[in-house]
Amino acid sequence: MIPASFDYVEADSAAAAIAALAQHGDEAKLLAGGHSLIPLMKFRLAAPSVLVDIGRISDLSYINDGGDHVAIGALTRHRAVETSDMLASEAPLLKHVASQVGDPSVRHRGTIGGSLAHGDPASDLPAALLALNGSMVAQGPNGERVIPAREFFTGFLETALAADEMLTEIRIPKAAGAGWSYQKFNRRAQDWAIVGVAAVHNGSTGVALVNMGATPIVANSVESALAGGASIADAAAVAADGTEPPEDLNADAEYRSHLARVLVERALTEAQS
Amino acid sequence: MTAVESGVVGTPMVRKEDPKLLTGEGKYVDDIHAHGELWMGMVRSTMAHARITNVDTADAAAMPGVHAVYTGAQLQEMGLWIAPLPCAWVVTEDMVNPPHYPTAIDEVRHVGEIVAVVLAETRYGAADAAEQVVVDYEPLPAVASIEAARDGGATAHSDHSTNKAYHWPLVPDPEALDAAFANATHTIKAEFIQQRLIPAAMEPRGVLAIPSPHGGDVTLYSSTQVPHILKVMVAATTGIPEHKIRIVAPAVGGGFGAKLNVNPDELLAVTLANKLGRPVRWTETRSEAAFSTHQGRGQLQTIELASDADGKLMGCRVHVDADMGAYMMLITPGVPLLGSFLYTGVYAVPAFGFTCDGYFTNLTPTDAYRGAGRPEASYAIERAMDILALEVGVGPDEIRRRNYLGDGQPFENLETPGSLVFDSGNYGPNLDAALDMAKYSELRAEQQRRRDAGDTKQLGIGLCTYVEICGLAPSRALGGLNYGAGGWEHGMVRFLPTGMVEVVSGSTPHGQGHETSWSMIVADKLGIDPAQVTVLHSDTAISPLGLDTYGSRSLAVGGVAIAMACDKVVEKARLIAAHQMEANPDDLEFAGGSFTVKGSPDKTMPIQAVAFGAFTAHDLPDGMEPNLQEQVTYDPANFVFPFGTHVAVVEVDTVTGETNLTDYIAIDDCGNQINPLIVEGQVHGGIVQGVAQALWEEAAYDADGNCKNPSFLDYLVPSPAEVPSIVTGFTTTPSTTNPLGVKGVGEAGTIGSAAAVINAVCDALSPYGVTDIEMPATPRRVWKTIQEAQS
C-alpha cells in the first residue's frame, strides 16, 4: 500500500497534458480521479515514473446538449452524471449506471473519462457506452478524432487511445423514451460487478456485458439472435456464447456464464417492457 | 456493597470519548512521532515453506536514507532476545511448541514471515529498500490446509515428524456417552468448516519504540489490547528489566482479538530502538496485515447428537481439528478449547464428550478473534439442533424448547454438561420474545406461500439460542486450564483536592467506551456528575496494574473492581465525615453525593468537602491516612454466561444463488446494563461480524499456501449497505457472580449470528433437498449446492 516514487506534473489544459505525454512517453500516466490508478500504484502493480495530473483542467467537466447527442467532458465526475437532468431524459441508462459505480466517495472523485480510459472489463460505465453505441473523442498532438465505443476497448486494460492521446469527451446518442436496463450482480454494493448487463431497446437492442472477458464486450450473440427475431429467452440462452469469462474467488467460468444468461434475460425483459 | 440502582446508570448516555476520536484529536500510534525516528520495512517471505539459502541486502543497504538492513540470522546473532515469542497457554504437558522468533533464521514457515528488516529515514524509503532485498529460497513442501496437516504427507516444520501439536480431551464419562448413542432413537452427525478469517480492525497495528540510551528505559507505543501483558512479555523475551519498560496503548481503533498478542514487530521495534539508540516505528499496511497479524477460526468440526424419540437430547460428541498455523502465538492452542465447554449450548445433555487435535500448517498463525472458540462451538450445536429437528420432525423452535437447561425456566448456578456452573439463565422467555418480535408465525406463513407458488425467491428463517462464557476469568479456573496468567482486574478511584475524580482502569479500551461506562458507574456510586470523572488507562506508567481487555471481561471484572473501589472510597469518607460532624459513622446516610446525619437533615457534608478535608489532613481521625483514594483488585468467583435468541430472515434467489439478509431480530440478555447505547452498539457490531463469516469473509489459500485475497479488494468485509436495520431487544437476567449483576456483551452478537444466518439459508433451501452449506454462503456456493442437491 506504499507506491513507488514518481514525478508529478500538473497540467492546466488538455494541450499541456498531451504535451507532457509526448515528452515522457510510456513512462507517464494521466491522473484524473485516481480511483483506478492510485490503488494499482499502491499495490505496486503500476509504477509510472511520471504522473500527469489533469484533475484541475476545469473546462473538461460538463454535460452539454450536442444536438443529436449528449456531450460529456471526460473529467465529469460520476456524481454529476448520476444527477444530470439532461441524461435523465436523454440517456437514463448512463445516469443509472453512474449511480452504481463504487460508493459515494468514489463517485464524488472518479471521472467518466478516467473509468473509460482505464478499460477495466469489470467496470460499469464501459458496458453502458457499448450498449448505448456511444463514442469517444480523443485529442492528440495532431488534433481530434472520434472513436466509436465499440472500437475503443482493445485488450485487458488497453484502449484505442495512443500513448500521446487523451480522452476528452464522451458522446451519447440521444435516445429519449428508449427502454433500458442495467443488471449488476455483486456481493457488496460497493464492489465491481461479478457479471453485469447493460441493455438499451430503441427499435434495435444493444446489449453489453461486464466482466465476461478481457475487455468490456458487446453481447454479439444476443444482439444477433434478437436481430434475427429470437425471443428474449432464446436470445438470453446464448449470452455467454463466444465469451471467455475470467475466474476468481467470486465465480468460475461456469457460474459467470450462468449469471450472464440469467441477467441478460432479466435485462431484456426490463428493457422491452 | 450495593448495586448501582439509580442515576445515569442504565441510561443511553452519549459516549464521552467520541468527539475527540471523531475529530482526529485522539492520537493513534501512527499519529505519534519522535525526533530521529527510523521506519522499519519488513522483508516478508513469499514462500509458505522453504529453506533460506541466501539473503542479499547489499543493494538495499546502499539506498539513500537506509540506516541498516538486518537479516534474520544477523538479528539472531546480535542476541537481541533471550527467549522466543511467548505462548501463554500450553494446553497439555506434551504440547509441541516450536521456537518462534521475531524473524525467520534459516527456514520460513508461512508467507509473510519476516526474513529481514530494513531501517530507513522514511516509510517510503523503507518500503523501497525492502523491495530490493533479494532472498533465495529452496522450496519445501507446504502444508496449506488442516486436511493436509492431518494427512501428514508433509510437515509444516521440516524437523518435525508430525503436524499434530496436541490432543486435548474433555470426556467426563466415556461409557455414559457411548451408552447414550447406543440407546438413542435419533442420531445425527454433521461436519462443519470454520473458515479462516482475517481480522480487519479499522486501525491497522503499529508500533513506535522510543529508547533512552542514557537512562536505559524504553517506551513502546503499540496498537494493542494488552499493554500490561505486553510489558511482562517484552521483559521475558528481550531480557530488558521489566521496570525499565513502559507500554502505551494510545487511541486504539478496534482489535477484535487481533491485538491480543505479542508480535514480532513489537519486539523488533523495542530491541532495535535500544540497539541503535533511535526511535523505531512501523505501521502495517492493510495488505501486510493479512500476513503480519494473526487470523481467526480455522477449524474442522464434527458433531454428533443423540436423542430420544421426542428429540430430547441424550448425548453430544464433538471432535475438532484446529489449525494453529505455523506457530503458537500467545493463546493459539487455547482458542478452540475456550469453546469446548459450550458445545452443549443452552441444552441439558446428560452425556458429553469433546476432543480437539491441534495441527501446524504453513499458514499465518491463528489466535483469538471476536468470540475465540465460542462462535465456533455455538455454530456447531445450533446448526446441529436444526438438523436434529428435521430428523425428529419438529420445528427448530420446538427442538430447542424441549432441551433448554432449567426447562426454559429461570435458574441460578446450574451445573452444565460441559463441567461449568452457569451463573443464571432463563431461556424460554428469551425465545418467546424473539419469536414474537420476529412475527415468527407470519414469517412461516409467507415462507409456505412462496414454497407453494414455486417462487424463485425463497424465504428462510433461522434461529439460534446462544450462550457464551465470558468475563475472563476466575484466576483459579484459568490455572486449571494451564493458562499462563490470572484473570483478575484492578481499579483505582481517587478524589482530587477540587472534588473531581480520577479513575485508574486496568482494563484498556480499544473502542468499547470505557471512559463513558466507568464514569457512569462512578458518578452513581459517588453521587457526582459523570463529567466530573476522568478515566486514566492504557499506559503502564499511569495504570501499573491490569490484565487488559479481551473475552468480554472489561465490565464484568474491571468495571466491578471500579465499583468496589468506589464503595471503599465512600466508606473511608464516611469515617472522615462522621469525625468532622461529630456523629457516629453508622448514623450517616450517603445519598446524592452527601453524608447526612440520620434524623438531622440539616447536618450534611458533601463528599467533595470530605475529599478536601482528606487532602488537607488537618482534621482526620487518629491514625487515618490522608487523601481519598482506594483501589481494588477483583478476582471473580465465576465466569458470566450471557445468552440470547437471534432470528435471521433471508431471501435466497434460487436462480442466481444470491442470499439477501432481509431482517435480523436479536433478543440478548447480558444482565444489568450500564449504558444501553453501548450495549446496542456492541450487539450490532457483533452480529455483523458473525453475519460476515456466514456470508462474506474467508481467507482463501491456494495449495502452495498463498493467501488469494489479502486486500479489501477480494476479502469482503460487509458495509452498512449489506445489512438490514437490526432489531434489538433485551431480557434481563442479572449475573449472580458479581455485585453489579452484569455480564459481557462484546462478543455475544458474533456468537449468535453465523448460525442464525446459515440456519436461515438452509431453511430456505430445504425444499430443494439442501441440508447444509459451507460458510461463507456465497452466491456461487449456494447456486452450486442447489445444482448438486437437484441432480
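Residues numbered from 1 in each chain as written. Chains lettered and ligands numbered in written order. Predicted model: local features only at pLDDT ≥ 70, side-chain atom pairs only at ≥ 80, totals over all residues.

Asker: Break down the overall build of chain A for me, with residues and values.
Answerer: A tally of helices and strands in chain A yields eleven helices and 14 strands. In terms of overall size, chain A behaves like a compact globule, its C-alpha atoms giving a radius of gyration of 18 Å where 273 residues would be expected to give roughly 19 Å. In terms of its C-alpha atoms, chain A occupies a principal-axis envelope of roughly 55 × 45 × 30 Å. Considering chain A as a whole, with its 273 residues, one finds that 51% of them fall into the buried category. In chain A, the share of contacts with a sequence separation of at least 24, taken over all contacts with a separation of at least 6, comes to 62%. (Helix = DSSP H or I, 4+ residues; strand = E, 2+ residues; numbered from the N terminus. Rg over C-alpha atoms; globule rule 2.2 N^0.38 Å. Buried ≥ 20, exposed ≤ 12 C-beta atoms within 10 Å, placed from the backbone. Contact = placed C-beta atoms within 7 Å.)

Asker: Lay out the overall build of chain B with the relevant residues and their values.
Answerer: Across its full length, chain B carries 21 helices and 28 strands. For chain B, the C-alpha radius of gyration of 28 Å lies close to 28 Å, the compact-globule estimate for 791 residues. Reported as C-alpha extents along the three principal axes, the dimensions of chain B are approximately 90 × 70 × 50 Å. Counting only contacts in chain B whose residues sit at least 6 apart along the sequence, the fraction spanning at least 24 positions is 80%.

Asker: Give a description of the sheet that holds strand β12 (residues 195-202) of chain A that names residues and reports values.
Answerer: Residues and elements named next belong to chain A. In spatial order, the strands read β11-β12-β13-β14; together these four strands make up an open sheet with antiparallel pairing. Each edge of the open sheet carries a strand with a single partner, namely β11 (179-185) and β14 (217-218). Across seven bridges, β11 lies against β12 in antiparallel orientation. In the strand pairing of β12, Trp180 is matched with Val200. Sheet contacts for helix α5 (residues 92-99): β11 and β12; angle to β11, the most-contacted strand, approximately 20 degrees. Strands β11, β12, β13 (204-210) and β14 of the sheet are contacted by helix α8 (residues 124-132), whose axis makes an angle of about 160 degrees with β13. (Pairing = 2+ DSSP bridges. Axes fitted to C-alpha atoms, helices over the stretch in contact; angles between N-to-C directions.)

Asker: If you had to explain the interface of chain A and chain B to someone new, which residues and values would you point to?
Answerer: Contact residues are listed per partner, giving 15 residues for chain A and 23 residues for chain B. Broken down by element, the side of chain A that touches chain B gets its largest block of residues, three residues, from helix α11 (residues 253-271) of chain A. Of the residues assigned to the side of chain A that touches chain B, the class counts are ten nonpolar, three polar and two charged. (Nonpolar A, V, L, I, M, F, W, Y, C, P; charged D, E, K, R; others polar.)

Asker: Residue-level account of the packing of helix α11 (residues 374-392) of chain B against helix α20 (residues 748-765) of chain B, with values.
Answerer: Residue and element names in this part refer to chain B. In contact at an axis separation of 8 Å, α11 and α20 are set at 30 degrees when each is read in the N-to-C sense. Here α11 is positioned roughly parallel relative to α20, judged by the angle of their axes. The handedness of the crossing between α11 and α20 comes out as right-handed. Mapping the contact onto sequence places Arg374, Pro375, Ser378, Tyr379, Glu382, Arg383 and Asp386 in α11 and Thr750, Ile751, Gly752, Ala754, Ala755, Ile758, Asn759 and Cys762 in α20. When its residues are assigned to classes, the contact of α11 with α20 shows seven nonpolar, four polar and four charged. (Parallel < 35°, antiparallel > 145°, perpendicular 65-115°, else oblique. Left-handed = near helix turned anticlockwise from the far one by under 90°.)

Asker: An account of the sheet that holds strand β3 (residues 50-53) of chain A is needed here, citing residue identities and associated values.
Answerer: Pairing between the strands of a sheet comes from backbone hydrogen bonds, and it takes one of two forms, parallel or antiparallel. Residue and element names in this part refer to chain A. Here three strands make up an open sheet; going across it, the order is β1-β3-β2 and the pairing parallel. Where the open sheet ends on each side, the last strands, each with one partner, are β1 (7-10) and β2 (28-31). Here the strands of the sheet are splayed against their neighbours by 25 degrees on average, with no regard to which way each runs. Alignment of β1 against β3, held across four bridges, turns out to be parallel. Looking at the pairing, Asp7 lines up with Val50 of β3.

Asker: Provide a residue-level description of the environment of B:Arg574, including the pertinent values.
Answerer: Residue and element names in this part refer to chain B. Position of Arg574 among the secondary structure elements: in helix α17 (residues 554-581). With 19 C-beta atoms counted inside 10 Å, the residue Arg574 sits in the partly exposed group. The spatial distance from the C-alpha of Arg574 to the C-alpha of Gly491 is 20 Å, given a sequence separation of 83 residues.

Asker: Please give an account of the confidence of the model for chain B that cites residues and values.
Answerer: Residues and elements named next belong to chain B. Confidence in the prediction for chain B averages 96 pLDDT; 99% of positions are at 70 or higher. Below pLDDT 50 for its whole length, residues 1-5 participates in twelve contacts with residues either more than four positions away or in separate chains. This prediction of the complex comes with two scores: 0.97 for pTM and 0.95 for ipTM. (pLDDT = per-residue confidence, 0-100.)

Asker: So what's going on with the nonpolar core? Which residues, and what values?
Answerer: Residues and elements named next belong to chain B. Within the largest apolar cluster, 342 residues are counted, with the highest numbers of intra-cluster contacts made by Val118, Val757 and Val761. Element by element, the count of residues in this core is highest for α17, at 16 residues. Leave out the neighbours within four places in its chain, and Val118 touches Met40, Gly41, Val43, Ala60, Val66, Val69, Ala126, Ala129 and Ala130. (Core = buried A, V, L, I, M, F, W, Y, C linked by C-beta atoms within 7 Å.)

Asker: Please provide a residue-by-residue account of α8(A), values included.
Answerer: Residue and element names in this part refer to chain A. Within α8, nine of the nine residues are buried, leaving the element largely enclosed by the surrounding structure. Asp124, Leu125, Pro126, Ala127, Ala128, Leu129, Leu130, Ala131 and Leu132 are the residues of α8 that are buried. Asn133, located one to two residues past α8, shows a positive phi value of around 55 degrees.

Asker: A description of the pairing of strand β6 (residues 135-140) of chain A should follow, citing residues and the corresponding values.
Answerer: Residue and element names in this part refer to chain A. Strand direction decides the pairing type here: β6 and strand β7 (residues 143-148), joined by six bridges, are antiparallel. Residue pairing in the sheet places Gln139 in a bridge with Glu144 of β7. Between β6 and β7, which pair antiparallel one after the other, the connecting turn spans two residues. Judged from the five bridges that link them, β6 and strand β10 (residues 166-173) form a sheet pairing that is antiparallel. Counterpart to Ala138 in the pairing with β10 is Leu167.

Asker: Pulling in residues and values, what's your account of unusual backbone geometry?
Answerer: The omega torsion of the bond from B:Leu472 to B:Ala473 falls at -5 degrees, within 30 degrees of zero and hence cis. Tracing the backbone through its elements, the reader meets B:Ala473 in the loop between β18 (457-467) and α15 (475-480). The omega torsion of the bond from B:Met775 to B:Pro776 falls at -10 degrees, within 30 degrees of zero and hence cis. If you trace the backbone, B:Pro776 turns up in the loop between α20 and α21 (779-790). Of note, A:Asn133 is a non-glycine position whose phi angle comes to about 55 degrees, a positive value. Position of A:Asn133 among the secondary structure elements: in the loop between α8 and β6.

Asker: Tell me about the environment of B:Phe181, residues and numbers included.
Answerer: Residue and element names in this part refer to chain B. Within the secondary structure, Phe181 is located in helix α6 (residues 174-183). Overall, the presence of 17 C-beta atoms within 10 Å leaves Phe181 in the partly exposed class. In sequence terms Phe181 and Leu38 are 143 residues apart; their C-alpha atoms lie 63 Å from each other. With residues near it in sequence (within four places) discarded, Phe181 still touches Thr187, Ala306 and Gly315.

Asker: Which residues make up the environment of B:Met233, and what are the values?
Answerer: Within the element layout of this structure, B:Met233 appears in helix α7 (residues 227-238). Note: C-alpha distance between B:Met233 and B:Cys87 (146 residues apart in sequence) is 9.8 Å.

Asker: Tell me what's going on with the pairing of strand β14 (residues 313-325) of chain B, and back it up with residues and numbers.
Answerer: Residues and elements named next belong to chain B. In terms of burial, β14 is largely enclosed, as twelve of its 13 residues are buried. In this structure, strand β13 (residues 299-307) lies alongside β14, joined through nine bridges in antiparallel fashion. From the neighbouring strand, Leu305 faces β14, where its bridge partner is Cys316. Looking at chain direction, β14 and strand β15 (residues 351-360) are connected through ten bridges and run parallel. From the neighbouring strand, Ala322 faces β15, where its bridge partner is Gly358.

Asker: Requested: an account of the packing of α5(A) against α8(A), with residues and values cited.
Answerer: Residue and element names in this part refer to chain A. Packing of α5 against α8 brings their axes to within 9 Å, and their N-to-C directions diverge by 170 degrees. As judged from the angle between their axes, α5 and α8 are roughly antiparallel. Where α5 approaches α8, its residues Leu93, Leu94, Val97 and Ala98 are matched on the opposing element by Asp124, Leu125, Ala128, Ala131 and Leu132. Split by residue class, the contact of α5 with α8 holds eight nonpolar, no polar and one charged.

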